[in-house]
Amino acid sequence: AILAQASSSICRHRPVFVGKMEAMKEQAKKALEEQIGAAAPGSIKCCFPCCGGPVGTLEKMSFMIPADQKDMVMDLIKKYKDM
């Protein structure tokens, strides 16, 4: 009876935990998106709305990323997509 009671207690709180995990994941994705947007050259920031935001734009126009930042930006994009 105690095990059944503990089990139902865990199941009852699981949706709250999952919801918090999803919120944290979204927060992390938003932070990565802001970092990627900040690294974008000014000349392509105007393309964010029509190319899928900072991530989509820099992925499509990776040739515009300065060479010294390209590896870092591409790593951030990969991390964003893996989330």
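Residues numbered from 1 in each chain as written. Predicted model: local features only at pLDDT ≥ 70, side-chain atom pairs only at ≥ 80, totals over all residues. Heavy atoms only, no water.

S.K.: What is the right way to read the overall build of the chain from this model?
M.R.: Check the secondary structure of the chain and you find 3 helices and 0 strands. Going residue by residue from the N terminus, the α and β elements of the chain occur as α-α-α. Counting every position in the chain, which comprises 83 residues, the buried fraction comes to 29%. As displayed, the chain offers around 6000 Å² of accessible surface, 62% of which is attributable to carbon and sulfur atoms. (Helix = DSSP H or I, 4+ residues; strand = E, 2+ residues; numbered from the N terminus. Buried < 20%, exposed > 50% of the residue type's maximum accessible area, 1.4 Å probe, protein only. Areas by Shrake-Rupley, 256 points an atom, 1.4 Å probe, with all protein chains shown as cover.)

S.K.: Any chance you could explain the packing of helix H2 (residues 53-60) against helix H3 (residues 67-82) here in plain terms?
M.R.: For any two helices packed against each other, one specifies the inter-axial angle together with the distance between the axes. Where H2 meets H3, the axes come as close as 10 Å, and the angle between the chain directions of the two elements is 130 degrees. Relative to H3, the element H2 is oriented oblique. In this structure, H2 crosses over H3, and the sense of that crossing is left-handed. Within the contact between the two elements, H2 uses Val55, Leu58 and Glu59 and H3 uses Val73, Ile77, Tyr80 and Lys81. Looking at side-chain class alone, the contact of H2 with H3 contains 5 nonpolar, no polar and 2 charged residues. (Axes fitted to C-alpha atoms, helices over the stretch in contact; angles between N-to-C directions. Parallel < 35°, antiparallel > 145°, perpendicular 65-115°, else oblique. Left-handed = near helix turned anticlockwise from the far one by under 90°. Contact = heavy atoms within 4.5 Å. Nonpolar A, V, L, I, M, F, W, Y, C, P; charged D, E, K, R; others polar.)

S.K.: Would you explain the side chain of Lys29 in this entry?
M.R.: For Lys29, the position within the fold is in helix H1 (residues 2-39). Although Lys29 is buried, it makes no salt bridge; Glu26 carries the closest opposite charge, 5.0 Å away. Once residues within four sequence positions are removed from consideration, Lys29 is found in contact with Tyr80 and Met83. (Lys, Arg positive; Asp, Glu negative; His and termini not counted. Salt bridge = Lys/Arg side-chain N within 4 Å of Asp/Glu carboxyl O.)

S.K.: Any chance you could explain the nonpolar core here in plain terms?
M.R.: The tendency in soluble globular proteins is for nonpolar side chains to be buried as a group. Ile36, Leu58, Val73 and Ile77 are the most contacted members of the largest nonpolar core, which totals 16 residues. Those elements that place two or more of their residues in this core are H1, H2 and H3. Take this core: its biggest share by element is 4 residues, from H3. The contacts of Ile77, once residues within four sequence positions are left out, are Ile36, Val55, Leu58 and Glu59. (Core = buried A, V, L, I, M, F, W, Y, C linked by side-chain atoms within 4.5 Å.)

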